[in-house]
Amino acid sequence: MFSAMGQMAFVAHPAGDATATKIVAVPPNTGTPVSFIVKPMKLGEIEIRLNASVMQGVISDSFKKIIRILPEEIVVVKSERIHFHHETPLMQFFDVAHSVNEKAVERSGQVYFTVYPDQQTPKHIANNYDVSLLYNDTKITLHVNSESTKNSTTEIVPNYVSNMFVIVIGSGSGFIQIDWQYRLSLMHFKPRFNLQLTKLATPTKWLTRLKVCCSFIPENRDEYSNETLVEVSIPIGYAMDDHSVLEETTGNHIRRIEVLHGGTTLMVYYHKMGNETNCFSAYPYRRYRMPLHRPSYIKVQDIYRPELNAMEMFDFY
């Protein structure tokens, strides 16, 4: 397998390796799967090139394929903790909202239900109660008594559940904790940058102008992004050059420009970025036509705090 123009890295290989090779024994008239673990180095499109040969290369075949790379998914962890204290036996109800972002990856949820005995419960109170978790037609009950010192945990996977109820019956003190998690694409996180990309006409169909404007969204007046990277990915078949980037604002100058992966990825670095608007234009040119038109991506993020970012998908064509 070949890494075309550094568009992917081979896992467990030295950095910068452009090829990875596997030798396999294939019986006659059978198929044998061969796998490579790779890490895409850009969003949008990457080119996969494969070569297979037998008889020390006397007979060989090769092909290439363009595959689409989507933004990574981040695990979001949430929890809700409830404290209860019953000096005498009684029943108490709690309504637990199991909130999951509506754009979360389908069937990615996990929920953990934990009961913590309160070790500070006064000795005159009998630490003896049942905690039941109810959702849909399911009921899970955990029992805690005065001898209990360890936490009790059970795992459920109700990714179709939006509301849960907890019932505590008995006397004593404790904590109930509901922990849940789900996967969410970086595309759907709350943006910490304003980001705008505009396609503008040029005198020729061979050249496209992309105007990019961005600014940091501070949570307090003195906050700013330190070392900011703007990354623009365009389709295979087009290319950009570092000298074809035009800075259009003067208050905050571009610190450095890199063009990677055969001209399909533009990296624009700023020393810092505040709430002022920073704009530049890039001029991709067409090298050849591609039969399929896939979405492209633009991303801006704080290099030292990558969770501060914004990302958008756009139609390059």
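Here goes a summary of the coordinates provided. (Residues numbered from 1 in each chain as written. Predicted model: local features only at pLDDT ≥ 70, side-chain atom pairs only at ≥ 80, totals over all residues. Heavy atoms only, no water.)

1. Some details on the sheet that holds strand β21 (residues 296-302)
Judged by pairing direction, the sheet is antiparallel, and its five strands sit side by side in the order β17-β18-β14-β21-β22 without closing on themselves. What marks the edges here is a single partner per strand, and that holds for β17 (254-260) and β22 (309-314). This sheet shows a mean twist of 15 degrees between the axes of neighbouring strands, independent of strand direction. Pairing of strand β14 (residues 225-233) with strand β18 (residues 265-273) involves eight bridges; the strand directions are antiparallel. (Pairing = 2+ DSSP bridges. Helix = DSSP H or I, 4+ residues; strand = E, 2+ residues; numbered from the N terminus. Axes fitted to C-alpha atoms, helices over the stretch in contact; angles between N-to-C directions.)

2. Overview of the pattern of salt bridges
Under the defined criterion, the tally for this structure stands at eleven salt bridges. For Arg-49, the salt bridge is made with Glu-47, and the minimal N-O distance between the two is 2.3 Å. Looking at Arg-49, the relative accessible area reads 37%, which means it is partly exposed. Owing to a relative accessible area of 3%, Glu-47 belongs among the buried residues under this scheme. Among the charged side chains, a network of salt bridges with common partners joins Arg-192, Glu-219, Glu-223, Asp-302 and Arg-305. (Salt bridge = Lys/Arg side-chain N within 4 Å of Asp/Glu carboxyl O. Buried < 20%, exposed > 50% of the residue type's maximum accessible area, 1.4 Å probe, protein only.)

3. As for the pairing of β14
Of all nine residues making up β14, eight are buried, and the element is well covered by its neighbours. Here six bridges tie β14 to β21, and the two strands are oriented antiparallel to one another. Paired with Glu-231 across the two strands is Lys-299, which belongs to β21.

4. Examining the side chain of Ser-171
Within the fold, Ser-171 resides in strand β11 (residues 163-185). Every residue in contact with Ser-171, bar those within four places of it in the chain, is listed here: His-86, Glu-87, Thr-88, Pro-89, Ala-126, Asn-127, Asn-128 and Tyr-129. (Contact = heavy atoms within 4.5 Å.)

5. A few points about the state of the cysteines
On inspection of all chains with the given rule, the structure shows one disulfide. Covalently, Cys-213 is tied to Cys-279 through a disulfide, its sulfur atoms 2.0 Å apart. Because the sign of the S-S torsion sets the handedness, a value of about 110 degrees for the bond joining Cys-213 and Cys-279 places this disulfide among the right-handed ones. Separated by 66 residues along the polypeptide, Cys-213 in strand β13 (residues 209-216) and Cys-279 in strand β19 (residues 278-282) bring together distant segments of the chain. Using a relative accessible area of 14% as the deciding quantity, one classes Cys-213 as buried. Given a relative accessible area of 8%, Cys-279 falls into the buried group. Note on Cys-214: no disulfide assigned, nearest cysteine sulfur contributed by Cys-213 at a separation of 7.5 Å. (Disulfide = S-S within 2.5 Å.)

6. Here we look at the environment of Phe-175
Inspection of the secondary structure puts Phe-175 in strand β11. With 59 residues separating them along the chain, Phe-175 and Tyr-116 place their C-alpha atoms 4.9 Å apart. Those residues in contact with Phe-175, other than ones at most four positions away along the chain, are Arg-81, Ile-82, His-83, Phe-84, Thr-114, Val-115, Tyr-116 and Asp-118.

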